[in-house]
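Reading the structure
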Amino acid sequence: MARDVHINSCHIVATFRGKARRDVSLEELREHIHQYYIPLGRQFMVLFPEGGFLHKRREISQRFAEKNNLPKLEYVSLPRAGALKVIMEEVGPHRDQASTSKSDNKKENNVNHNNTKILDTKSGDCIEWILDVTIAYPDRIPLHLIDVVCGFREACSTHIHYRLYPSTEVPSDPEAMTNWLYDRFIEKDKMLEEFYRTGQFPSKGNVPSVSRTVRQDNVRYLILHLFFMASTFMQYKVLCALLSCIW
């Protein structure tokens, strides 16, 4: 079963606050992979390596870049590689070579001590592709949750650029993996610079970019919302009836 990781460049993301909290969150991610992701046969995992809102992260990212002799990025921030390292250690193609993987000490007959499923190293049941997503917003103004929910913002076109990498291209060495992820975001910054200058994402090599317009079907979304509202109301009425029987 092939599995994919989606790496997004987006400005509304989950944030880990502080190193101690990040370390705890990474261990929780490792446990989640073995307790839920693998046993339930999940095939996709979405990752936001930037780790925060761009307007909050840009200054911190540029200070880090200056301190570590890295390019200062304007349209994205330098990513955090911790979550990608955990994912590739646990379900990546080179997981057997990952010396820092804590699950290696728990493997016994393909079952760990918590009775959760461990990947069969010969079945190919691992991350196979990495889908790199870069998002460009009109006038560099991202869509916020309030805009989406309340419809305050006028209709606009949001441009999404996809690149697909075999997971085997990601180095197993932690430092090399971090540099690989940095290179992707440095590329993103250059791509977004050209997009906001020309209105188009650059083509890679001699292969032209293929564009496709996806329009939102308002009727479909209205039907879905009505269905979920009706479903929630019915569940509420059932719960009330059950509680009335108990009390």
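Quick caveat: nothing in here was measured; it's all calculated off a predicted structure.

1. Thoughts on the confidence of the model for the protein chain
On average, residues of the protein chain carry a pLDDT of 80, and 80% of them reach 70 or more. At the low end of the mean pLDDT range in the protein chain sits strand β1 (residues 3-9), at 57; at the high end sits helix α5 (residues 174-198), at 94. Within the model, the stretch residues 9-17 combines pLDDT values under 50 with 31 contacts to residues more than four positions away or in other chains. Segment residues 99-124 is flagged for pLDDT under 50; beyond a separation of four residues in sequence, or across chains, it makes 43 contacts in the model.

2. Brief notes about helix α3 (residues 82-91)
When you tally the buried positions in α3, you get eight out of 10 residues, the bulk of the element. All of the buried residues along α3 are A83, L84, V86, I87, M88, E89, E90 and V91.

3. So, the environment of I130
Within the secondary structure layout, I130 lies in strand β3 (residues 127-136). Of the residues examined, I130 reaches a relative accessible area of 0% and is grouped as buried. When the C-alpha positions of I130 and Y165 are compared, they lie 5.1 Å apart, and in sequence the two are 35 residues distant.

4. Looking at unusual backbone geometry
Even without being glycine, D139 reaches a positive phi, approximately 55°. Topologically, D139 is positioned in the loop between β3 and α4 (145-150). Residue D139 is classed as exposed on the basis of its relative accessible area of 70%. Of note, the phi angle at R140 is positive, near 65°, even though the residue is not glycine. Here R140 lies in the loop between β3 and α4. Residue R140 is classed as partly exposed on the basis of its relative accessible area of 37%.

The rules behind each value
Numbers given for residues are sequential positions, taken from 1 along each chain in its written order. Two thresholds apply to this predicted model, a pLDDT of at least 70 for residue-level local features and 80 or more for giving and counting side-chain atom pairs, whereas whole-chain, interface and lining totals are computed over all residues. The side-chain values count all of the structure's non-hydrogen atoms but skip hydrogen atoms and water molecules. Each residue carries a pLDDT score, the predictor's confidence in it, ranging from 0 to 100. Helix numbers and strand numbers start at the N terminus; a helix is a DSSP run of H or I with at least 4 residues, a strand a run of E with at least 2. Contact between two residues is taken to exist if any of their heavy atoms lie within 4.5 Å; hydrogens are not considered. Exposure categories follow from relative accessible area, calculated using a 1.4 Å probe and restricted to protein chains: below 20% of the type maximum is buried, above 50% is exposed, and the middle band is partly exposed.

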